[in-house]
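# Structural features, examined
Chain by chain, the residues:
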Amino acid sequence: MATAHATQRRPAVLGDLLPGSLARDAALVAGAAAFVGVAAQIAVPLPGTPVPVTGQTFAVLLAGAALGTGRAALGMLVYLLAGMAGVPWFTDGTSGAGFPTLGYVIGFVAAAAVVGRLAQLGGDRTPLRTIGTMLVGTVIMYAAGVPYLMAALGVDLAKAIDLGMTPFLAGDALKVLLAAGLLPAAWKLTGAARR
Ligand SMILES: O=C(O)CCCC[C@@H]1SC[C@@H]2NC(=O)N[C@@H]21
């Protein structure tokens, strides 16, 4: 019984290390949305495509792993809905719903939820596991973003991949590697128990 109790109290994700419960969770959800909103302002346009290189993917992956599935998904839902409602925190300070990259932002919700779940299962405790977790999250963003791009621009799948995936693979791989260095190191720094 004592062991089971101790196991329950062990932090499942980094966000659990902060004290409090409801207020903490609300702050983490709002913080995750704002974090992605700030990361969206790091946007580099590429010639020949309406899709920019942005810091969002990295922020979404980190928020997912650090907050766990429920809070991370909620944070990304707040980001999506507030942005659609007029908060200017999509790339380059934009908002609304009439832009071709909205599919990626919809994908952020699912990606954060899945990355959060994998992190709760220990998927951010070692660099190798973190790479796997972040790759899954990245694939989910593309799985939402590329078909949306197809529909929004009226192009076929090959063209949508050309415009919305191929130019970003190297940069997104770097973000995955960066997360794979950061998250296990953060766990090590906290000294929290391993799983
Ligand atoms: O307009 C937006 O707010 C969303 C931009 C989405 C950019 C996508 S996310 C996956 C890929 N990696 C990048 O760095 N940029 C694209």
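About the cut-offs
Residues numbered from 1 in each chain as written. Predicted model: local features only at pLDDT ≥ 70, side-chain atom pairs only at ≥ 80, totals over all residues. Heavy atoms only, no water. UniProt positions renumbered as here; feature names shortened; annotations may be inferred. Axes fitted to C-alpha atoms, helices over the stretch in contact; angles between N-to-C directions. Helix = DSSP H or I, 4+ residues; strand = E, 2+ residues; numbered from the N terminus. Left-handed = near helix turned anticlockwise from the far one by under 90°. Contact = heavy atoms within 4.5 Å. Nonpolar A, V, L, I, M, F, W, Y, C, P; charged D, E, K, R; others polar. pLDDT = per-residue confidence, 0-100. Expected span 1.5 Å × (residues − 1). Buried < 20%, exposed > 50% of the residue type's maximum accessible area, 1.4 Å probe, protein only.

As annotated in an unreviewed UniProt entry, the chain carries the name Biotin transporter and is attributed to Actinomadura chokoriensis. Quoted verbatim from the Sequence similarities (unreviewed entry) field of the UniProt record, the comment on the chain reads "Belongs to the BioY family." What the UniProt record of the chain gives under Subcellular location (unreviewed entry) is the line "Cell membrane".

Take the packing of helix α3 (residues 56-67) against helix α4 (residues 69-85) next. Between α3 and α4, the shortest axis-to-axis distance is 6 Å and the interhelical angle comes to 145 degrees. Of the two elements, α3 crosses α4, and the hand of that crossing is right-handed. Contacts between α3 and α4 pair Q56, V60, A63, G64 and L67 from the former with T69, R71, A72, M76 and Y79 from the latter. For the contact of α3 with α4, a count of residues per class yields six nonpolar, three polar and one charged.

Here we take up the confidence of the model for the chain. Averaged over the chain, the pLDDT score is 92; the fraction of residues at 70 or greater is 92%. The low-confidence segment residues 1-7, where pLDDT is below 50, has zero contacts with residues more than four positions distant or belonging to other chains. Model confidence for the complex: the whole-complex pTM is 0.90, and ipTM, which rates the interface, is 0.99.

On to α3, then. Here α3 spans 16 Å end to end across twelve residues, near enough to the 16 Å set by a 1.5 Å rise per residue. Taken across its twelve residues, α3 has twelve buried, putting it largely inside the fold. Along α3, the residues classified as buried are Q56, T57, F58, A59, V60, L61, L62, A63, G64, A65, A66 and L67. Where α3 is buried, its residues touch α2 (22-39), β2 (53-54), α4, α5 (102-120), α6 (127-153) and α8 (169-190).

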